Amino acid sequence: MNINRRLKHYPEPDDPVRLTNPDIPPEWQSAYRDFQRQRERLFTIFGAWLLLATMVAYHFSHELRGVRPPEPWSLEHLLRLPVYLSIGLALLSHWTGVPGWHPKVFLRMMSTSLMLMMLGLFLVYFQDKPGGVPQVSEGLMISFFGVTMMATRGLRDWLVQFLPPLLLFVIAATLLRISPADLVPHLFGPTAMLAVGLITSETLRRLGNHQFVNEQEVKQLATTDQLTGLLNRHAFLPLIHHEMDRARRRSERSFCLIMGDLDNFKRVNDTHGHEVGDLVLRETAVRVSASLRQQDVLCRWGGEELLILLPETGPTGGLEVARKIRAAMADQPMQVNGIRIRQTISLGVACFDGERAPEQLITRADNALYGAKAAGRNRVVMAPGKETGATPGSGHSGLG
């Protein structure tokens, strides 16, 4: 069970290109999708400008390369149009956000149109302008390498971008009755460059994933309590800020905090040692986590204190969750290192009441917790507020 819970996210519309990497832990998949999307956005913009510059340079350098310029409205110009269109759409999306497609869509459009253009030009020059075939072959080498670098998701991605254009090329060459033996000498260089590109692309992809994992591990160390695997204070406070902002924007929404503290925990450490105490804390984290919903957030506030955030929850729901947690702790003794320990917990519940700072709401929950301790421990107490009109220890406290 994953006890390191997060706030429920409300995702944007699904990307047209979904991504799941089996090498990335499940809890990091969402962050990895964002990481990959950002990387592909950079590849898209860089690739679009580089491809545009290369296309323009080739267009105005026929004389330098000893190649006769194509006639207006020739097949060569028609083959270039899809490339210019894909570049234009990628840059337009970058500047205006329209069309709002996933960056990978633009990468595939540019790579596929580039492959179709170069392979088509190769056939045109092979048939009509044999003297220009070496020039096109060099262009194929550059294109194969560039398209391979656009395959940011590994071999499967590369197959999607390469196989359709190559299949069309083979069909066209067959219809034109071009012998494979005549093509091989001109395609040897591009094929070798293709292998180099594949190795380079895969190396960069693995390095990028390794960097992502390292960054996530550092973030986890900074935001997670190492003993229990729960969030720590540093990571928890911004989540309360977020819920307070949401509650202010939508007045009909509320949320609650539950402050919990293990009863007589010092006695466990003094009697059985700190190793057993640590195991009790871990088991507590598991039991409390099992009592929460997916969108609830559990934090180790400090020592044996826990703080729980319940989004979109009113006083009745907050009390119900707190009572469920109390029962999960009290009804079943813990078996720790062969020792039977009956560990209870006291809880204070406070619902958002217009506080301006998280510390104010936390203080209310802490005061309610103090009321539960003063009333005899192993209890739940609701903090006073506009919706409850109660005081700690009044009708909202008890064992059930």
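Worth saying up front: this structure is predicted, and the values here are computed from it rather than measured. (Residues numbered from 1 in each chain as written. Predicted model: local features only at pLDDT ≥ 70, side-chain atom pairs only at ≥ 80, totals over all residues. Heavy atoms only, no water.)

S.K.: What should I look at first to understand the packing of helix H5 (residues 133–149) against helix H6 (residues 155–175) in this one?
M.R.: Axis angle and axis distance: for two packed helices, these are the angle between their axes and the distance between the axes, and together they describe the pair. Put simply, H5 and H6 touch, their axes get as near as 9 Å, and they point 145° apart. In contact with Phe144, Val147 and Thr148 of H5, H6 contributes Trp158, Gln161, Phe162 and Leu166. Looking at the contact of H5 with H6, its residues break down into five nonpolar, two polar and no charged. (Axes fitted to C-alpha atoms, helices over the stretch in contact; angles between N-to-C directions. Helix = DSSP H or I, 4+ residues; strand = E, 2+ residues; numbered from the N terminus. Contact = heavy atoms within 4.5 Å. Nonpolar A, V, L, I, M, F, W, Y, C, P; charged D, E, K, R; others polar.)

S.K.: Explain the nonpolar core here, please?
M.R.: Most often, soluble globular proteins keep nonpolar side chains buried together rather than apart. Residues Met110, Met117, Phe122 and Leu183 are the most contacted members of the largest nonpolar core, which totals 37 residues. Those elements that provide at least two residues to this core are helix H1 (29–59), helix H3 (75–96), helix H4 (103–128), H5, H6 and helix H7 (180–223). Among the elements that make up this core, the one with the highest residue count is H4 (14 residues). Excluding anything up to four places from it in sequence, methionine 117 contacts Met55, Leu79, Arg80 and Val83. (Core = buried A, V, L, I, M, F, W, Y, C linked by side-chain atoms within 4.5 Å. Buried < 20%, exposed > 50% of the residue type's maximum accessible area, 1.4 Å probe, protein only.)

S.K.: What am I meant to see in the packing of H3 against H4 here?
M.R.: For the pair H3 and H4, the least separation of the axes is 9 Å and the interaxial angle reads 165°. Considering the angle they form, H3 stands roughly antiparallel to H4. Judged by the sense of rotation from one axis to the other, the crossing of H3 with H4 is left-handed. Contacts between H3 and H4 involve Leu75, Glu76, Leu79, Arg80, Pro82, Val83, Ser86, Ile87, Leu89, Ala90 and Ser93 on the former and, on the latter, Phe106, Met109, Met110, Ser113, Leu114, Leu116, Met117, Gly120, Leu121, Val124 and Tyr125. (Parallel < 35°, antiparallel > 145°, perpendicular 65-115°, else oblique. Left-handed = near helix turned anticlockwise from the far one by under 90°.)

S.K.: Would you mind going over helix H8 (residues 233–249) with me for this structure?
M.R.: One turn of an α-helix holds 3.6 residues; hence residues three or four places apart share an orientation. In this model H8 runs 25 Å from its N-terminal to its C-terminal C-alpha over 17 residues, within 8% of the 24 Å that 1.5 Å per residue would give. If you check which residues of H8 are buried, you get Ala235, Phe236, Leu239, Ile240, Glu243, Met244, Arg246 and Ala247. Against the buried residues of H8 lie H7, strand E1 (256–262), strand E2 (297–302), strand E3 (305–310) and helix H12 (358–374). Its side-chain oxygen 3.2 Å from the backbone nitrogen of histidine 234, asparagine 232 forms the N-cap of H8. (Expected span 1.5 Å × (residues − 1). Polar contact = N/O pair within 3.5 Å; in protein donor to acceptor, adjacent residues only side chain to side chain.)

S.K.: Whenever I open this one, the environment of threonine 203 confuses me. Can you help?
M.R.: Locating threonine 203 in the fold gives a position in helix H7. Residue classification places threonine 203 among the partly exposed positions, given a relative accessible area of 41%. As for threonine 203 and glycine 154, which are separated by 49 residues in sequence, their C-alpha atoms are 9.7 Å apart.

S.K.: Whenever I open this one, the sheet that holds strand E7 (residues 380–382) confuses me. Can you help?
M.R.: One key point about sheets: their strands pair by backbone hydrogen bonds, in either a parallel or an antiparallel sense. Pairing is mixed in the open sheet, where five strands are placed in the order E2-E3-E1-E6-E7. This sheet does not close on itself; its edge strands, each paired only once, are E2 and E7. Direction aside, neighbouring strands of the sheet carry axes that sit 20° apart on average. Pairing geometry for strand E6 (residues 345–351) and E7, over three bridges, is parallel. Counted as the bridge partner of glycine 348 is valine 381 from E7. Where H8 meets the sheet, it contacts E1, E2 and E3, and its direction lies at approximately 130° from that of E2. (Pairing = 2+ DSSP bridges.)

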